[in-house]
Amino acid sequence: MIELRQVSKTFPNGTVGLKDINLNIQTGEFVVIVGLSGAGKSTLLRSINRLSDVTSGDIQIDGQSITSASGSKLRSIRRNIGMIFQSFNLIKRTTVLNNVLSGRVGYHSTLRTLFGSFPKRDVEIALTALERVNIREKAYIRADQLSGGQQQRVSIARALAQEATIILADEPVASLDPLTTRQVMDDLQRINRELNITTIVNLHFIDLARDYATRIIGLRAGEVVFDGSVHEATDEK
Ligand code: ADP
Ligand code: ADP
């Protein structure tokens, strides 16, 4: 479970990113966060795995405070959280397989990732992850030779190889065409259902949110202005 208690974030220049956010997200939920550009979606996701520090309040992941953790404790909490970005964030000049193996944070050094020397068990875990998103046949191709949709599936596989129990996806389909968008969202949904991975996805299209979310959270100017089922979100319109 992910719990946010009175979470606020003000940037050093005075811009309010988040304002008094209180949320409980249960294991296995598929939450879509919607809101206009600048609403605070990215700040919210980045706060959950502490890519960004909050100004006040507390965030707990399975009962452990990530806001006050440091060192090995912070690393161990983060190990449960897979991050997916709009721009994929793959290591371009190495293979798909090495990228997926790099998801096993803390298991391997960057050098190992670059030279591709990994224990056999890890390679098997990575190949299984690629199979789950249907691109195992691309394992030995350089990451930058794949299409955008394929690259995004590699980043999903990377989160799976990490054995993440939570996936945070920050505008994962913003740079993809409509068909590829559906494929990537389908993958995220399937993984959420098959592996019970708690999934939080930032989107700026409400239509897409309705098709995939079990719960929609609306943000405006850093505040939660809607939190409910897809059904309720549809009724509001
Ligand atoms: P969204 O993801 O919904 O587009 P963001 O979380 O990126 O929104 O941004 C929320 C608000 O915080 C916006 O007003 C944005 O300009 C501001 N913001 C984001 N990062 C910074 C930063 N590093 N410094 C100052 N303001 C920021
Ligand atoms: P992301 O979507 O990954 O949060 P952004 O594109 O919003 O990144 O921002 C890129 C960089 O600019 C980040 O370092 C962010 O913190 C910073 N930034 C975003 N909005 C503002 C802002 N209004 N003022 C100052 N810095 C900002």
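From a predicted model like this one, the values you see are computed outputs, not experimental measurements.

**Here's the deal with helix H7 (residues 178-195)**
An ideal rise of 1.5 Å per residue puts 26 Å on 18 residues; H7 measures up with 26 Å between its terminal C-alpha atoms. Listed as buried for H7 are Thr180, Thr181, Val184, Met185, Asp187, Leu188, Gln189, Ile191 and Asn192. Turning to H7, the residues buried within the fold contact strand S3 (30-34), strand S6 (81-85), helix H6 (148-161), strand S7 (166-170), strand S8 (198-203) and helix H8 (206-212). Looking at where H7 begins, the residue whose side-chain oxygen comes 3.1 Å from the main-chain nitrogen of Leu179 is Asp177. Immediately downstream of H7, the backbone of Asn196 shows phi near 55 degrees, a positive value.

**Focus on the environment of Ile77**
Tracing the backbone shows Ile77 in helix H2 (residues 71-78). Placed 13 residues apart in sequence, Ile77 and Gln64 show a C-alpha to C-alpha distance of 7.8 Å. Residues contacting Ile77, with those up to four places away along its chain left out, are Ile61, Gln64, Ser65, Ile66 and Ala69.

**Overview of the confidence of the model for the protein chain**
A low pLDDT score tells you not to read the predicted coordinates there in detail. In this model, the protein chain carries a mean pLDDT of 92, and residues with pLDDT of at least 70 account for 93%. Interface scoring of the predicted complex returns ipTM 0.74; its pTM is 0.89.

**Describing the pattern of salt bridges**
The full count for this structure, using the stated rule, is 13 salt bridges. Ionic pairing is found between Asp144 and Arg142, a salt bridge with its closest N-O pair at 2.7 Å. Residue classification places Asp144 among the partly exposed residues on the basis of a relative accessible area of 31%. Looking at Arg142, the relative accessible area reads 33%, which means it is partly exposed. Salt bridges linked by common partners bring Glu29, Arg215 and Asp227 together as one network.

**With respect to the sheet that holds S8**
With mixed pairing, 6 strands are arranged side by side in an open sheet as S6-S7-S8-S3-S9-S10. Because the sheet does not close on itself, it has two edges, and the strands there are S6 and strand S10 (223-228). Direction aside, neighbouring strands of the sheet carry axes that sit 15 degrees apart on average. One ladder, built from 4 bridges, connects S3 with strand S9 (residues 215-220); its direction is parallel. Looking across to S9, one finds that Val32 is bridged to Ile216. Its contacts with the sheet put helix H1 (residues 41-48) on S3, S6, S7, S8 and S9, and the angle it makes with S8 is roughly 155 degrees. Across the sheet, H6 is in contact with S6 and S7; its angle to S6 comes to roughly 170 degrees.

The rules behind each value
Residues numbered from 1 in each chain as written. Chains lettered and ligands numbered in written order. Predicted model: local features only at pLDDT ≥ 70, side-chain atom pairs only at ≥ 80, totals over all residues. Heavy atoms only, no water. Helix = DSSP H or I, 4+ residues; strand = E, 2+ residues; numbered from the N terminus. Expected span 1.5 Å × (residues − 1). Buried < 20%, exposed > 50% of the residue type's maximum accessible area, 1.4 Å probe, protein only. Contact = heavy atoms within 4.5 Å. Polar contact = N/O pair within 3.5 Å; in protein donor to acceptor, adjacent residues only side chain to side chain. pLDDT = per-residue confidence, 0-100. Salt bridge = Lys/Arg side-chain N within 4 Å of Asp/Glu carboxyl O. Pairing = 2+ DSSP bridges. Axes fitted to C-alpha atoms, helices over the stretch in contact; angles between N-to-C directions.

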